[in-house]
Amino acid sequence: MVSVNCNERLTSVIIDVDFRHTPHGATVKVTLKSFNHSPSLSQETYAFTANVFIDGKNVGTARNMGHGGPTELSISSADRTRLTAHAKSIFPAVPFSFDPSKLWVRDTAEDVIDDLVHELVKAKEEARLERRFMKDLTTKLLVLQPNGTIQASVVLPTIRLAELLRSQRLPTWAMKGKVLNALPVAEARTIWFKAVVR
């Protein structure tokens, strides 16, 4: 199970991974703290730095420069052995697409950290998109056009937007489509994400 807890500004992030399917019922809780991701430096891999905690104890650091090289994990050999044993038990071997007779095996402590980083970056992006959606919904007239695109008005004060929706005197370009601001938030979110995240 992976759970991601982020504060609103995403300055501190905790990712907990609970490995329940490990041999002998052992459980390891891996947490990344002080996570800093640099999208501008991420080329082939995620560029990041983080402190690594195992079962609540700070055991070292992890980082990747983002140039396609492996993640550098600075932890003790005992902690590395522990994470590697868990990696071997949770990651299945996958056949290579170009040669199914050979297997791609992810069985290192670094693989555990890389998976956590991937989940974290994905969660941060989803949180960023959610903030953008809520801002657009409360400051712009959003209209789903028949061609599947969303057209937005200029930024309006919230009171002006509410008056416009209440009066139903919409601009001509908004008459042909579906006004997202008039829909329940969950439905508007689904339509917006489908149109924006293609």
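Heads up: the structure comes first, above all this text.
Here the structure is a predicted model, which means the values were calculated and not measured.

Caption draft 1: Spotlight on the nonpolar core. Of all hydrophobic cores here, the largest spans 22 residues; its most connected members are V30, L32, F35, V52, L73, L83 and I113. Those elements that provide at least two residues to this core are β3 (29-37), β4 (48-54), β5 (57-64), β6 (72-75), α1 (77-90) and α2 (109-139).

Caption draft 2: The arrangement of unusual backbone geometry in detail. Phi at D55 is positive, roughly 50°, even though this residue is not glycine. For D55, the location among the structural elements is in the loop between β4 and β5. Even without being glycine, Q168 reaches a positive phi, approximately 60°. Inspection of the secondary structure puts Q168 in the loop between α3 (158-167) and α4 (172-175). Classification of Q168 as exposed rests on a relative accessible area of 61%.

Caption draft 3: Quick look at the sheet that holds strand β11 (residues 178-179). With antiparallel pairing, the 3 strands of this open sheet are ordered in space as β10-β9-β11. Each edge of the sheet is formed by a strand with only one pairing partner; in this case those strands are β10 (150-152) and β11. Note: strand β9 (residues 142-144) against β10, 3 bridges, orientation antiparallel. Paired with L144 across the two strands is I150, which belongs to β10.

Caption draft 4: How the structure looks around the packing of α1 against α2. The contact between α1 and α2 brings their axes to 7 Å, and the two run at 70°. Looking at the two axes, α1 sits roughly perpendicular to α2. For the pair formed by α1 and α2, the contact residues are R80, L83, T84 and A87 on the first element and A109, E110 and V112 on the second.

About the cut-offs
- Residues numbered from 1 in each chain as written.
- Predicted model: local features only at pLDDT ≥ 70, side-chain atom pairs only at ≥ 80, totals over all residues.
- Heavy atoms only, no water.
- Core = buried A, V, L, I, M, F, W, Y, C linked by side-chain atoms within 4.5 Å.
- Buried < 20%, exposed > 50% of the residue type's maximum accessible area, 1.4 Å probe, protein only.
- Helix = DSSP H or I, 4+ residues; strand = E, 2+ residues; numbered from the N terminus.
- Pairing = 2+ DSSP bridges.
- Axes fitted to C-alpha atoms, helices over the stretch in contact; angles between N-to-C directions.
- Parallel < 35°, antiparallel > 145°, perpendicular 65-115°, else oblique.
- Contact = heavy atoms within 4.5 Å.

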